[in-house]
Amino acid sequence: MRHHDKNRKFGRERNQRKALMRSLVVGLVSSEKVKTTEAKAKELRPLVEKLVTKAKIGTLHQKKLLVSKIGAESAKKLIEKIAPKYAERKGGYTRIIKTPQRKSDGSAMAIIEFV
């Protein structure tokens, strides 16, 4: 049986996987739209949703957590520009739009963006 296989590994070690996800989060926050593989987009969605929820709370502790996870510039944009848009929304801040496969290797591609 394949227990404990919820998270995707992307053929990377733990620190490389964390760096990949962090860079995707920073890219999504800075440009509000990222084109990536469908698997990476599906793995990225819960991370971004949790960060937006933290930014909505807006306490000093939440701000420091955001800075530690995504850096000062991205955290500032998330708190000041993105989170206020979703003040009335309880979740579902992102959408994943499937796009045609990548020609080189046939990977399923998708665009993840803020709603």
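Reading the values: rules and limits
Within every chain, residues take consecutive numbers counted from 1 along the sequence as written. Per-residue local features of the predicted model are confined to residues with pLDDT of at least 70, and side-chain atom pairs are confined, for both listing and counting, to 80 or more; whole-chain, interface and lining totals are unaffected and use all residues. Side-chain descriptors were evaluated using all non-hydrogen atoms of the structure, hydrogens and water having been removed beforehand. Helix numbering and strand numbering both begin at the N terminus, where a helix is a DSSP run of H or I of at least 4 residues and a strand a DSSP run of E of at least 2. Residue count minus one, scaled by 1.5 Å, sets the expected span of a helix. Only protein chains enter the area calculation, which uses a 1.4 Å probe; residues under 20% of their type maximum are buried, those over 50% are exposed, and those in between are partly exposed. The arc in question is the one traced by the directions running from the helix axis out to the C-beta atoms. When checking whether two residues touch, look at their non-hydrogen atoms; a contact exists if any pair is within 4.5 Å. Residues enter a nonpolar core if they are buried and are Ala, Val, Leu, Ile, Met, Phe, Trp, Tyr or Cys, with the set joined through side-chain atoms within 4.5 Å. Only strands joined by at least two bridges in the DSSP assignment are considered to pair. Every axis corresponds to a line fitted to the C-alpha atoms, with the helix fit spanning only the stretch in contact, and the corresponding angles, defined between N-to-C directions, vary from 0 to 180 degrees. Aromatic rings from Phe, Tyr and Trp, with only the six-membered ring used for Trp, were paired whenever their centres fell within 6.5 Å, and each pair was classed as stacked if the ring planes differed by under 30 degrees, edge-to-face if by over 60, and tilted otherwise. Residues qualify for a patch when their relative accessible area is over 30% and they have no salt bridge, like charges being joined within 9 Å and the nonpolar side chains of Val, Leu, Ile, Met, Phe, Trp and Tyr within 5 Å. Computed with the Shrake-Rupley method and a 1.4 Å probe, the accessible areas treat only the protein chains shown as cover for residues. Any carboxyl oxygen of Asp or Glu that lies within 4 Å of a side-chain nitrogen of Lys or Arg is treated as forming a salt bridge with it. In this tally Asp and Glu are treated as negative and Lys and Arg as positive; neither His nor the chain ends contributes. All charge positions are set by atom: Lys at NZ, Arg at CZ, Asp at CG, Glu at CD.

**Student:** Can you explain helix α1 (residues 14-31)? Please cite residues and give values.
**Tutor:** Look at α1: 26 Å from first C-alpha to last across 18 residues, which is about the 26 Å you get at 1.5 Å a residue. All buried positions along α1 are accounted for by Leu20, Met21, Leu24, Val25, Leu28 and Val29. The buried residues of α1 all sit within an arc of 165° when viewed along its axis, so they share a single face. On its buried face, α1 is in contact with β1 (33-37), α2 (38-57), α3 (60-70), α4 (72-82) and β3 (109-114). Backbone geometry just downstream of α1 places Glu32 in the positive-phi region, at approximately 60°.

**Student:** Lay out the side chain of Glu43 with the relevant residues and their values.
**Tutor:** Structurally, Glu43 can be placed in helix α2. In contact with Glu43, not counting residues within four places along its chain, are Asn7, Arg8, Phe10 and Met21.

**Student:** Can you break down the nonpolar core residue by residue, with the values?
**Tutor:** Formed by 25 residues in total, the largest nonpolar core has its most connected members in Leu44 and Leu78. Every residue in contact with Leu44, bar those within four places of it in the chain, is listed here: Met21, Leu24, Val25, Leu28 and Ile112.

**Student:** Now, about the sheet that holds β1: what can you tell me, with residues and values included?
**Tutor:** Taken in spatial order, the three strands line up as β1-β3-β2 in an open sheet, and their pairing is antiparallel. Unpaired on one side and paired on the other, β1 and β2 (94-99) mark the two borders of the sheet. Adjacent strand axes in the sheet meet at a mean angle of 25° when their direction is disregarded. Judged from the five bridges that link them, β1 and β3 form a sheet pairing that is antiparallel. For Thr36, the partnering residue across the bridge sits in β3 and is Ala110. Packed onto the sheet, α1 meets β1 and β3 and runs at close to 145° relative to β1.

**Student:** Let's hear about the packing of aromatic side chains: which residues, and what values?
**Tutor:** Across all of its chains, the model carries two aromatic pairs by this definition. Relative to Tyr93, the ring of Tyr86 lies with its centre 5.2 Å away and its plane at 50°, an arrangement referred to as tilted. Taken as a pair, Tyr86 and Tyr93 share a single burial class, namely buried. Residue classification places Tyr86 among the buried positions, given a relative accessible area of 4%.

**Student:** Outline a positive patch on the surface, supporting the account with residue identities and numerical values.
**Tutor:** Together, Arg14, Lys18, Arg22 and Lys69 line one region of the surface with positive charge. In terms of residue count, the dominant contributor to the positive patch is α1 (three residues). Assignment of secondary structure puts Arg14 in helix α1.

**Student:** Lay out unusual backbone geometry with the relevant residues and their values.
**Tutor:** Its identity as a non-glycine residue notwithstanding, Phe10 has a phi of 55°, on the positive side. Relative to the assigned elements, Phe10 resides in the segment before α1. Located in the positive-phi region is Glu32, a residue other than glycine, with phi close to 60°. Here Glu32 shows up in the loop between α1 and β1.

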